[in-house]
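Per-entry structural report
Below are the chains, spelled out letter by letter.
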Amino acid sequence: MFIAITGPTGVGKTTLASRLAARLDATLMLDPFADNPYLPQLYADAERATDDLALKVELTFIALRVAQLRQIQIITGAGGRVVADWAMVQQRIFASETLPTADAARVAQTCGIWSKDSPSPDVVIGLTAPPTTLLHRVKQRGRDMEMTVSEANLAALNEAFQRTFTSHVIHRDGSTFDALNDEDLNELIAQLTGSENP
């Protein structure tokens, strides 16, 4: 089983993924943001960042995530479970928010090409939260490169994610759902596994 968690920056994807992976005896696959050498530069100069730099960020993320999808395919092919704190759909969303329309379309097309031969999540959990909540969490976790993120940026991302969530996505409001609360987590696991007693 491959479970992917997606949503805007600061919504709690990693916290939820970590707890689910532990409870489901699954391999945790974390977003490779720390391996993207262009991302800190993009955050540092967000107001004046060039389209070329933003494109490098997105193309590098595609390569990093495709490599992880290959690992996921090996794990699930051997009968294992994987919980990832990202989904390929967010690649398209972030590109649409940071790139000119033509480049965003090319990124989406590239994701589509790679996705054909890559494993798709069996379940997607979509998290959203009010921009004020997102900004508070981003500031609270204290990553240097994220200190310039604005509430307006987070609001745009949150809205973009909400537009993409369909009936096939298990949606949770990150301002009321608490991944650290066992009752909330048990209810979600019951939905994921179809079990009444997780």
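First things first, this report covers the structure right here in the doc. (Residues numbered from 1 in each chain as written. Predicted model: local features only at pLDDT ≥ 70, side-chain atom pairs only at ≥ 80, totals over all residues. Heavy atoms only, no water.)

A few words on the pairing of strand 1 (residues 2–6). Most of strand 1 is tucked away, with 5 of its 5 residues classed as buried. Here strand 1 shows two buried faces, one formed by Phe2, Ala4 and Thr6 and the other by Ile3 and Ile5. Pairing geometry for strand 1 and strand 3 (residues 82–84), over 3 bridges, is parallel. Bridging across to strand 3, alanine 4 finds its partner in alanine 84. Across 4 bridges, the pairing between strand 1 and strand 4 (residues 123–128) is parallel. Residue pairing for strand 4: isoleucine 5 is matched across the bridge by isoleucine 125. (Buried < 20%, exposed > 50% of the residue type's maximum accessible area, 1.4 Å probe, protein only. Helix = DSSP H or I, 4+ residues; strand = E, 2+ residues; numbered from the N terminus. Pairing = 2+ DSSP bridges.)

Turning next to the packing of helix 1 (residues 13–23) against helix 8 (residues 182–193). Running from amino to carboxyl end, helix 1 crosses helix 8 at an angle of 65°, the nearest separation of the two axes being 11 Å. By the angle between their directions, the pair helix 1 and helix 8 is classed as roughly perpendicular. Relative to helix 8, the crossing made by helix 1 is right-handed. Contacts between helix 1 and helix 8 involve Leu16, Arg19, Leu20 and Arg23 from the former and Asp182, Leu185, Asn186, Leu188, Ile189 and Leu192 from the latter. Broken down by class, the residue content of the contact of helix 1 with helix 8 amounts to 6 nonpolar, 1 polar and 3 charged. (Axes fitted to C-alpha atoms, helices over the stretch in contact; angles between N-to-C directions. Parallel < 35°, antiparallel > 145°, perpendicular 65-115°, else oblique. Left-handed = near helix turned anticlockwise from the far one by under 90°. Contact = heavy atoms within 4.5 Å. Nonpolar A, V, L, I, M, F, W, Y, C, P; charged D, E, K, R; others polar.)

Of all 6 residues that make up strand 4, 6 are buried, and the element is covered over most of its length. Of the pairings in the sheet, the one linking strand 4 to strand 5 (residues 169–173) comprises 5 bridges and is parallel in character. By the bridge assignment for strand 5, isoleucine 125 is matched with isoleucine 170.

Let's shift gears to the pattern of salt bridges. The full count for this structure, using the stated rule, is 5 salt bridges. Between aspartate 103 and arginine 106 there is a salt bridge; the shortest N-O distance is 2.8 Å. Pair noted here: aspartate 103 and arginine 106 are both in helix 5 (residues 101–115), with a separation of 3 residues, about one helical turn. Here arginine 172 ties to glutamate 187 by a salt bridge, and the two come within 2.9 Å at their closest N and O atoms. Linking arginine 172 in strand 5 with glutamate 187 in helix 8, this pair joins segments that are 15 residues apart in sequence. On the basis of relative accessible area, arginine 172 is assigned to the buried category, the value being 13%. For glutamate 187, a relative accessible area of 41% puts it in the partly exposed group. (Salt bridge = Lys/Arg side-chain N within 4 Å of Asp/Glu carboxyl O.)

Structurally, proline 37 is set in the loop between strand 2 (27–29) and helix 2 (39–44). Assessed through its relative accessible area of 57%, proline 37 is described here as exposed.

Looking now at helix 3 (residues 51–77). Across its 27 residues, helix 3 extends 38 Å between first and last C-alpha, which sits within 8% of the 39 Å expected from 1.5 Å per residue. Of the positions making up helix 3, those classed as buried are Leu53, Ala54, Val57, Glu58, Thr60, Phe61, Ile62, Arg65, Val66, Gln68, Leu69 and Ile72. Looking at the packing, one finds that the buried side of helix 3 touches strand 1, strand 2, helix 2, strand 3, helix 4 (89–98) and helix 5. Positioned one or two residues after helix 3, glycine 79 has a phi angle of 95°, which is positive. (Expected span 1.5 Å × (residues − 1).)

Ordered by their spatial adjacency, 5 strands build an open sheet running 2-3-1-4-5, and the pairing between neighbours is parallel. In this open sheet, the two strands that pair with only one neighbour each are strand 2 and strand 5. On average, each strand axis in the sheet is tilted by 20° relative to the strand beside it, whichever way the strands run. Pairing of strand 2 with strand 3, which is carried by 3 bridges, proceeds in the parallel orientation. Within the sheet, the bridge partner assigned to methionine 29 lies in strand 3 and is alanine 84. Across the sheet, helix 3 is in contact with strand 1, strand 2 and strand 3; its angle to strand 2 comes to roughly 165°.

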